[in-house]
There are 2 protein chains.
Amino acid sequence: MDTQFRKGVLEPCVLALLRRRPRYGYELVQEIRKSLDITEGTVYPLLRRLKDEGYVETFLKESSEGPTRKYYTLTPRGKERLASLLGAWDVFSRSVDALLKEARR
Amino acid sequence: MDTQFRKGVLEPCVLALLRRRPRYGYELVQEIRKSLDITEGTVYPLLRRLKDEGYVETFLKESSEGPTRKYYTLTPRGKERLASLLGAWDVFSRSVDALLKEARR
DNA sequence: CCAACTACTTTGCTATGCATGGTAGTATTT
DNA sequence: AAATACTACCATGCATAGCAAAGTAGTTGG
């Protein structure tokens, strides 16, 4: 229902989750799904884009519980990108909150 | 730059501004522009859509300072829509904040 | 061996915001 | 009176990102 709200926030969310440690695609999907209602068909293409743009790098690692996993890590560029997106989200969400406050009184 | 963030939030913003009193399109553009960097080419089509969907109604009123203005008012349906979108935005923005918190530590 | 789960990928659709350009009335300046 | 700026509205076509749907394939447990 709030599909449109999601536009653009997935990128900072994914980058944020990669900040602490490498994660594989499927793991990212599960993790984000705890908060936002998204699907694999959204995340995998996004990861591809992030790689094409040099924000993340990948390596393969076999799993003891299933198929080989493709792990994603942040590049320096990716860290900058994350910082910039975090700032942008803050400014943006505060602005929206301020505008909507108008209606709550 | 945060074009994508904007997707979907303009609708609650416009409805919120209409809650207190009728406003005309150009006025809405100026008002929202104080907070968000948007253009007329975004707002007017949105207003058309809101009218088509029965969330707002319009009336014309001459201005002493320029061309005739088209004022927009909330319908009962529009008020319900606003309430629903306000709730959705709250849930959504809190979820995103929680996810992003991961990266700030 | 079959079901369930893990894990990744692709294709085509849709919605929304935006750039751009257009029309026209009013006010201000020269 | 002409030129300029501002108010006010509208329409067209594009770009982007999320999503549904479907597919491939390895692993594990009964």
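Below is a short write-up of the structure. (Residues numbered from 1 in each chain as written. Chains lettered and ligands numbered in written order. Predicted model: local features only at pLDDT ≥ 70, side-chain atom pairs only at ≥ 80, totals over all residues. Heavy atoms only, no water.)

**Let's talk about the sheet that holds strand 2 (residues 56-61) of chain A**
Pairing between sheet strands relies on hydrogen bonds along the backbone, with the strands arranged either parallel or antiparallel. All names here are of chain A. Filter applied, for reference: Strand pairing is assigned whenever DSSP detects at least two bridges linking the two strands. A run of DSSP states H or I qualifies as a helix once it reaches four residues; a run of E qualifies as a strand once it reaches two. Both are numbered from the N-terminal end.
If you trace the 3 strands from one edge of the open sheet to the other, you get 1-3-2, paired in antiparallel fashion. Each edge of the sheet is formed by a strand with only one pairing partner; in this case those strands are strand 1 (23-24) and strand 2. Bridge count between strand 1 and strand 3 (residues 69-74): 2 bridges; the pairing is antiparallel. The residue of strand 3 that forms the bridge with Arg23 is Tyr72.

**Brief notes about the relation of the copies chain A and chain B**
In plain terms, the rule: Residues below a pLDDT of 70 in either copy are left out; the C-alpha atoms of the rest, at least 70 in both, set the least-squares superposition of the copies. Whether two residues are in contact is decided by their heavy atoms: any pair within 4.5 Å suffices.
Each copy superposes on the other: chain A lies on chain B with an RMSD of 0.0 Å after a rotation of 180° and an axial shift of 0.0 Å. The transformation relating the two chain copies, once decomposed into turn and shift, fits a two-fold axis. Residue A:Lys7, judged by its C-alpha, is the member of chain A lying nearest the rotation axis, at 3.1 Å. Looking at the interface residues of chain A, 100% of them are also at the interface in chain B, so both copies use one shared face.

**Structural notes on the nonpolar core**
Rules: By nonpolar core is meant a set of buried Ala, Val, Leu, Ile, Met, Phe, Trp, Tyr and Cys residues that side-chain atoms within 4.5 Å join together. Residue exposure (1.4 Å probe, protein chains only): buried if accessible area is under 20% of the type maximum, exposed if over 50%, otherwise partly exposed.
Counting 64 residues, the largest nonpolar core has A:Leu36, A:Trp89, B:Leu36 and B:Trp89 as the members making the most contacts within it. If we ignore the near neighbours within four places in the chain, the residues touching A:Leu36 are A:Val9, A:Leu10, A:Cys13, B:Phe92, B:Ser95, B:Val96 and B:Leu99.

**Focus on the side chain of A:Thr75**
Residue and element names in this part refer to chain A. Keep this limit in mind: As used in this structure description, the phrase polar contact means that two N or O atoms lie within 3.5 Å; if the pair is within protein, one of them must be able to donate a hydrogen and the other to accept it, and residues adjacent in sequence are counted only when both atoms belong to side chains.
With respect to the helices and strands, Thr75 occurs in the loop between strand 3 and helix 5 (76-104). A distance of 2.7 Å separates a polar side-chain atom of Thr75 from the backbone oxygen of Gly54. Apart from residues lying up to four places away in sequence, Thr75 is in contact with Gly54, Tyr55, Val56 and Glu57.

**Some words on the packing of helix 2 (residues 10-20) of chain A against helix 5 of chain A**
All names here are of chain A. Just so we agree on the cut-off: Axis definition: a line fit to C-alpha positions, over the contact stretch in the case of helices; interaxial angles, taken between N-to-C directions, run 0 to 180 degrees. Should an angle fall under 35 degrees it is taken as roughly parallel, and over 145 as roughly antiparallel, whereas 65 to 115 is taken as roughly perpendicular and any remaining angle as oblique. By convention, the crossing between two helices is left-handed when the near helix turns anticlockwise from the far helix through less than a right angle, and right-handed when the turn is clockwise. Ten residues, namely Ala, Val, Leu, Ile, Met, Phe, Trp, Tyr, Cys and Pro, are considered nonpolar, four, namely Asp, Glu, Lys and Arg, are considered charged, and the remaining ones, Gly among them, are considered polar.
Axis separation between helix 2 and helix 5 bottoms out at 9 Å; the angle between their running directions is 125°. With respect to helix 5, the axis of helix 2 lies oblique. Crossing of helix 2 against helix 5: the hand is left-handed. Within the contact between the two elements, helix 2 uses Glu11, Pro12, Leu15, Ala16 and Arg19 and helix 5 uses Gly78, Arg81, Leu82 and Leu85. Classifying every residue of the contact of helix 2 with helix 5 by side-chain character gives 5 nonpolar, 1 polar and 3 charged.

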